[in-house]
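Residues per chain are reported as follows:
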Amino acid sequence: MDRIRTNRPASLKMFDFSDTESGISYGSTENEIEVNTPTYSVSLMDPIEAVMKPENVLEKFVEVGGRRYLNDDTLKSLKYYLPSDQKEVERTYDRHFIDKTMWGGNYSAPVSDNLSLGASVLDIGCGAGAWIMNMALDYPVSIFVGIDIAPLFPESHPANVAFLKCNIMDGLPFPDNTFDFVRQAFVIICINWRSWKEKVVKELIRVTKPGGYIEIMDIQREIVNPGTINEKINAYLEEHFYKAGINRSSCAGVIDTFNEFKDKVIVAPIEERTYYFGKKAGRIGEATLKCLVEAYKAMKIIFTHIMRITEEEFEQMLTDYEKECNEVPLRKERYRAIIQKRLDACGG
Ligand SMILES: C[S@@+](CC[C@H](N)C(=O)[O-])C[C@H]1O[C@@H](n2cnc3c(N)ncnc32)[C@H](O)[C@@H]1O
């Protein structure tokens, strides 16, 4: 089986944030803090590489620890650790609606008039397509294309939607100046920083029409006000991604990479939101924490590997983590960077 269903009307109604009364003001920021990074070394990707056995070579997906992973050679070079299964599809749909609530909309770039009149839109690393499915209904005369290395796309979708399985490392399979709006959310963490700087940014600019917009939504910095367990988890992740050449605190870096193409693009000031995780931040806080814990659970094979802990210790750590976040809400920053391709810039 290489496709799975993602239409899930029941759970899309799961969260209703209309009565959120957290008493916490969103949008504030705080200084970064130092973390003691663990100092032992581990080999990357061992648990996933271990299931990529020759006898599985024809399988699109492999199962490990009760979760299904994409069985693709590219996984060895990509650093993408989340599973490709129904549970993950559901988590990303829930996360999509959290983001929409936090930002008060699906995008920040000034593209709404264009979308209403009929624009061409590309979502890079679209995952299960939650954003596209939502946008395609809001803007029926616009055309939406989603690309991803993992084919988690919904089987049925509106006529103004197309999904394509492709690896952005191979370049984007579109002519120059194709899209009015190019969007990418939470993909930076999957891309080696060198490839981002030398390849991906150029491709994003190339396929955007002159006058069109690029919007990057991603993680600003993981550690804002950590509790003990959060600090520990982040320290391990920080080291792990650092070794993989991935820039986790990426916003300033992302802006810098676009600024290197000043003759082609104009970079607007970034927008930020502070997300709070845990019961004290109301219903949205509960929902964001649930999503985060689900993501960590989905990465169990990586965590047990890099932290050198058993599955039981890992489960206990997550239970304690939830408690910690429910006592003092965890804060994480997210940003949207908006970049316009200059009207006189053509192609890449
Ligand atoms: C954290 S998920 C974000 C998904 C979606 N944008 C969202 O906000 O829910 C990152 C996505 O990027 C995709 N991805 C990672 N590396 C990729 C690559 N080299 N080419 C295409 N897609 C990639 C993954 O398969 C995954 O669906």
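Predicted model, so just to flag it, every value in this text is computed and none were measured.

### A word on the overall build of the protein
Here is step 1: Looking only at helices and strands, one finds 12 helices and 10 strands in the protein.
Here is step 2: Of the contacts formed within the protein by residues at least 6 apart in sequence, a portion of 76% connects residues at least 24 apart.

### Some details on the nonpolar core
Here is step 1: Membership of the largest hydrophobic core comes to 57 residues, with the highest contact counts inside it found for I132, F181 and V182.
Here is step 2: Once residues within four sequence positions are removed from consideration, F181 is found in contact with A109, V111, A119, V121, G212 and Y213.
Here is step 3: Counting 12 residues, the second-largest nonpolar core is a separate cluster that includes Y275, L289, L292 and Y321.

### Here we look at unusual backbone geometry
Here is step 1: The phi dihedral of F186 is positive, around 55°, even though this residue is not glycine.
Here is step 2: Its place among the elements puts F186 in the loop between strand 6 (179-185) and helix 7 (193-207).
Here is step 3: Its 16 C-beta neighbours within 10 Å are what place F186 among the partly exposed residues.
Here is step 4: Even without glycine at this site, R308 takes up a positive phi of about 55°.
Here is step 5: Counting through the fold element by element, R308 comes out in the loop between helix 11 (300-307) and helix 12 (311-327).
Here is step 6: For R308, a count of 12 C-beta atoms within 10 Å puts it in the exposed group.

### Some details on the site of the ligand
Here is step 1: Looking at the ligand, there are 18 residues lining it, with G125, G127, I149, A185 and C190 nearest.
Here is step 2: Here the element with the most residues in the shell around the ligand is helix 4 (residues 86-103); it accounts for 3 residues.
Here is step 3: When its residues are assigned to classes, the shell around the ligand shows 11 nonpolar, 5 polar and 2 charged.

### Description of the environment of P154
Here is step 1: Along the polypeptide, P154 turns up in the loop between strand 4 (143-148) and strand 5 (161-165).
Here is step 2: The class for P154 is buried, based on 21 C-beta atoms found within 10 Å.
Here is step 3: Considered as a pair, P154 and G127 are 27 residues apart in the sequence and their alpha carbons are 9.9 Å apart.

### Let's talk about the packing of helix 4 against helix 10 (residues 282-298)
Here is step 1: One way to put it is that helix 4 packs onto helix 10 with a least axis distance of 10 Å and a crossing angle of 145°. Between helix 4 and helix 10 lies a crossing whose hand is left-handed. Residues E88, R91, D94, R95, I98 and T101 of helix 4 lie in contact with helix 10, whose contacting residues are I284, A287, T288, C291, E294, A295 and A298.

### So, the pairing of strand 4
Here is step 1: The buried count for strand 4 comes to 5 of 6 residues, which makes it a mostly enclosed element.
Here is step 2: Pairing of strand 3 (residues 120-124) with strand 4, which is carried by 5 bridges, proceeds in the parallel orientation. Bridge assignment links V121 to a residue of strand 4, and that residue is F144.
Here is step 3: The parallel pair strand 3 and strand 4, bridged by helix 6 (residues 130-138), forms a crossover whose chirality is right-handed.
Here is step 4: Across 5 bridges, the pairing between strand 4 and strand 5 is parallel.

### Considerations on helix 4
For an α-helix, 3.6 residues make a turn, and residues three or four places apart therefore share a direction.
Here is step 1: Compared with the 26 Å implied by 1.5 Å per residue over 18 residues, the 26 Å span of helix 4 between its first and last C-alpha is a close match.
Here is step 2: Residue G104 follows helix 4 closely and has a positive phi angle near 70°.

### Describing the packing of helix 4 against helix 6
Here is step 1: It is the contact of helix 4 with helix 6, at a shortest axis distance of 9 Å, that shows an interaxial angle of 55°. Here helix 4 is positioned oblique relative to helix 6, judged by the angle of their axes. Touching T92, Y93 and H96 of helix 4 are A130, W131 and N134, all from helix 6.
Here is step 2: In terms of residue class, the contact of helix 4 with helix 6 is made up of 3 nonpolar, 3 polar and no charged.

### What to know about the environment of G118
Here is step 1: Structurally, G118 is set in the loop between helix 5 (112-117) and strand 3.
Here is step 2: For the pair G118 and I143, spaced 25 residues apart in sequence, the C-alpha to C-alpha distance is 7.2 Å.
Here is step 3: Aside from chain neighbours lying at most four places away, what touches G118 is V141 and S142.

### Considerations on the environment of I98
Here is step 1: Assignment of secondary structure puts I98 in helix 4.
Here is step 2: On a C-alpha basis, the gap between I98 and G285 in space is 9.5 Å, while along the polypeptide they are 187 residues apart.
Here is step 3: In this structure I98 touches I284, A287, T288 and C291, once residues within four positions along its chain are discounted.

What counts and how
- Residues numbered from 1 in each chain as written.
- Predicted model: local features only at pLDDT ≥ 70, side-chain atom pairs only at ≥ 80, totals over all residues.
- Helix = DSSP H or I, 4+ residues; strand = E, 2+ residues; numbered from the N terminus.
- Contact = placed C-beta atoms within 7 Å.
- Core = buried A, V, L, I, M, F, W, Y, C linked by C-beta atoms within 7 Å.
- Buried ≥ 20, exposed ≤ 12 C-beta atoms within 10 Å, placed from the backbone.
- Near = placed C-beta within 6 Å.
- Nonpolar A, V, L, I, M, F, W, Y, C, P; charged D, E, K, R; others polar.
- Axes fitted to C-alpha atoms, helices over the stretch in contact; angles between N-to-C directions.
- Left-handed = near helix turned anticlockwise from the far one by under 90°.
- Pairing = 2+ DSSP bridges.
- Right-handed = clockwise from strand over helix to strand, strands pointing away.
- Expected span 1.5 Å × (residues − 1).
- Parallel < 35°, antiparallel > 145°, perpendicular 65-115°, else oblique.

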